[in-house]
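# An overview of the molecular structure
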Amino acid sequence: MVFTTPSSVIEQASTKILLDDLIDESVRTSARYPVMMQFDPSSGWIWRRWRGTVFSETWRTFLTNMVYASIVCLIFKCYKTQFLQNLSGFNILWGQLLSVTTFTLTFFLNQSYSLWRNCYGFSRRLQGRLNDLNMTLAAHAARVEPTKYRISKDSKDSSSSTAAAAAAATTATTNGSNDSNPEEEPVFSTYTESARQVLELMARYVRVFNLLTYASFTGSHRPLLTPQGMRRLVDRGIITEDERKVLSDVQVPVTQRHNVLLLWIMRLFHDARKAGHIEGSDGFEQQFLEKCHVIRAQYGSIGDELAGRMPLAYAHIVQVLVDVILWMYPFMAFSTGMTPFLGVLGTGLLTMFYQGLFDLAKQFLDPYDNENYGKGDDPLCIDTLIAETNAGSVRWMNGLAEKPFALEKIQNGDTLDYQLPLRGWTAEETDEREEKARMELEREMLEQNAAEWRAISSDDQAIPAFLERKILEIDDDDNDNVGGNINADEQIMDECQNVTQENMTMEEALEQMQECTEKVP
């Protein structure tokens, strides 16, 4: 028995694969390709390129016109007399048309490149204004200020305390211990939980807005606006089901759904500020809304540029001029006595340059490769623009997740701990600070050991446990610094383990600990 799969199932599966591929590229936060093809300015590198050049775009037309020139050459040989009589002065006419065609084509190319550059500029400015929204919101989000700070013992020498803390951290790491005094841990200002949720929601709306914006005027991402595409966005966790319903039911064209997202962004800002999760005065609100207006103007300008890119009559006359010049060239060449080889080769070269310039102008008129004209090897990479905006949506929020300076210190004018020399410390000063920090750390450790000994001096039962802990610390230091004396170190460790006898007196314990300490390298 032969089983057949219904065509509807095949279509559904292929649509799902297409949508998943689009979504996979649209959720990236790092671009896989540059926004346009990059190049090495050296002539040798450029000559070796094929993809994305006029060679790859015009080689078929190049060969076609050379065949056409060869046919004209054969006809010319058969009817040479008639050709020379009827085409007398033809080169003058061709030269005049060549001048008009060259001027018109170069001006057309310049106008096409201006449109391409404008679209690229609008895309970049759109990306920049979206980053501005996230940056300003992150800077004005409500925060939890720390209740304790890392204050140096001598405010006049904050550098010493900083170096001592750094040395302590280095020592703790070397000894394989992550335990530290909580009072020495720096406490930073962070977002409130509500403010962080607002920033995360705003970042997601920015990403969805950017995705729907490019889907509205690019053919490559247009499938995401279909009902199947919207449902797949829900399945993939890009939007919620409620958001999909609102976007599907709203009375706006399908290609204008990104406008709804922009309104959601503006309203979310208003509600978050009203709830106290976003701080700032009325001037800040005005600035934020002004950024939103600029965003609307930027993506609106992209659509305007694409809709009015070039009048048909302009493109038509340039196409006619280029084709006529190329068709007339073999007649001009053979009528002036040019050899068949140069006539055919010259036709190919003119085709490559003139037709290549015209094809390049057409590609500039389609910056997002919506029409798939030619090979489309070098359009603006939409996936790169989307990925960069995705990364920017969380960059500013993560960048200010912790703030090293405290509000209370700023209010009290107590910022000496944050002041550093204009040009930093010299190498000699750095060595002196490190040595001073090391000595300070050793002094503090001695004081701590002495305090612990005084605390347990009245309890003989606590001595063995204390000594065992110290021996383990020594053992950790020994393991971290082990070199070629492994056997000797193991022997020292075995001898020191004997000090854990419960019947050891105070004098014996102190003597044994001093002996073990001296043996450790």
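Residues numbered from 1 in each chain as written. Predicted model: local features only at pLDDT ≥ 70, side-chain atom pairs only at ≥ 80, totals over all residues. Heavy atoms only, no water.

On to helix H14 (residues 382-399), then. Between the first and last C-alpha of H14 there are 26 Å, a value that for 18 residues agrees with the 26 Å anticipated at 1.5 Å per step. Buried within H14 we find Ile382, Thr384, Leu385, Ile386, Ala387, Thr389, Asn390, Ala391, Gly392, Ser393 and Met397. (Helix = DSSP H or I, 4+ residues; strand = E, 2+ residues; numbered from the N terminus. Expected span 1.5 Å × (residues − 1). Buried < 20%, exposed > 50% of the residue type's maximum accessible area, 1.4 Å probe, protein only.)

Moving on, we get to the packing of helix H5 (residues 90-140) against H14. Two numbers describe how H5 lies on H14: the axes approach to 8 Å, and their chain directions differ by 15°. Between H5 and H14, the angle is such that the two are roughly parallel. Here H5 runs over H14; the crossing is right-handed. Across from Ser123, Arg124, Gln127, Leu130, Asn131, Asn134, Met135 and Ala138 in H5, the residues of H14 making contact are Leu385, Glu388, Thr389, Gly392, Ser393, Arg395, Trp396 and Met397. (Axes fitted to C-alpha atoms, helices over the stretch in contact; angles between N-to-C directions. Parallel < 35°, antiparallel > 145°, perpendicular 65-115°, else oblique. Left-handed = near helix turned anticlockwise from the far one by under 90°. Contact = heavy atoms within 4.5 Å.)

It is worth spelling out the sheet that holds strand S2 (residues 189-191) at this point. Strand order in the open sheet formed by three strands is S1-S2-S3, and the pairing between neighbours is antiparallel. Each end of this open sheet is capped by a strand with a single partner; those strands are strand S1 (143-144) and strand S3 (402-403). (Pairing = 2+ DSSP bridges.)

A few words now on the packing of aromatic side chains. Taken as a whole, this structure holds 18 aromatic pairs when the rule is applied. Ring centres 5.9 Å apart and planes at 25° place the aromatic pair phenylalanine 76 and phenylalanine 334 in the stacked group. Here phenylalanine 334 lies in helix H12 (residues 312-335) and phenylalanine 76 lies in helix H3 (residues 54-78), a separation of 258 residues in the sequence. Each member of the pair, phenylalanine 76 as well as phenylalanine 334, carries the same accessibility label: buried. Pairing tryptophan 94 with tyrosine 329 gives two aromatic rings, centres 5.4 Å apart and planes at 55°, and the pair type is tilted. Placement of tryptophan 94 in helix H5 and of tyrosine 329 in helix H12 is noted, with a sequence separation of 235 residues between them. Here tryptophan 94 and tyrosine 329 have matching classes, each one buried. Every member of this aromatic cluster is reached through a ring pair, and the members are Phe76, Phe83, Phe331 and Phe334. (Phe/Tyr/Trp six-rings, centres within 6.5 Å; stacked < 30°, edge-to-face > 60°.)

On to empty space enclosed by the protein. Under the criterion given, the structure shown has three cavities of 30 Å³ or more. Lining the second largest cavity are Glu25, Arg28, Ser30, Ala31, Arg32, Tyr33, Asp383, Thr384 and Ala387. Looking at the lining of the second largest cavity element by element, the count peaks at three residues for H14. When grouped by side-chain class, the residues that make up the lining of the second largest cavity number three nonpolar, two polar and four charged. (1 Å grid on protein atoms, 1.4 Å probe; cavity = no way out; pocket = protein on both sides within 12 Å on 5 of 7 lines; lining within 4 Å. Points joined across faces, edges and corners; volume = space filled by probe spheres on them. Nonpolar A, V, L, I, M, F, W, Y, C, P; charged D, E, K, R; others polar.)

Here the focus is the pattern of salt bridges. Applying the stated criterion to the full structure yields 21 salt bridges. Through salt bridges with shared partners, one network takes in Asp20, Asp24, Arg232, Asp235 and Arg236. (Salt bridge = Lys/Arg side-chain N within 4 Å of Asp/Glu carboxyl O.)

Moving on: the confidence of the model for the protein. Residues of the protein with pLDDT of at least 70 account for 77%, and the chain-wide mean is 81. Note that residues 1-5 has pLDDT below 50 and, in this model, one contact with residues that lie over four places away or in other chains. Scored below 50 in pLDDT, residues 481-490 shows three contacts in the model against residues more than four places distant or in partner chains. (pLDDT = per-residue confidence, 0-100.)

Next up on the list: the layout of surface pockets. Considered as a void within the structure, the second largest pocket measures approximately 790 Å³ in volume. Taken together, the elements giving at least two residues each to the lining of the second largest pocket come down to helix H2 (43-47), H3, H5 and helix H13 (340-364). Sort the elements by how many residues they give to the lining of the second largest pocket and H13 lands first, with six residues. In terms of residue class, the lining of the second largest pocket is made up of 14 nonpolar, six polar and ten charged.

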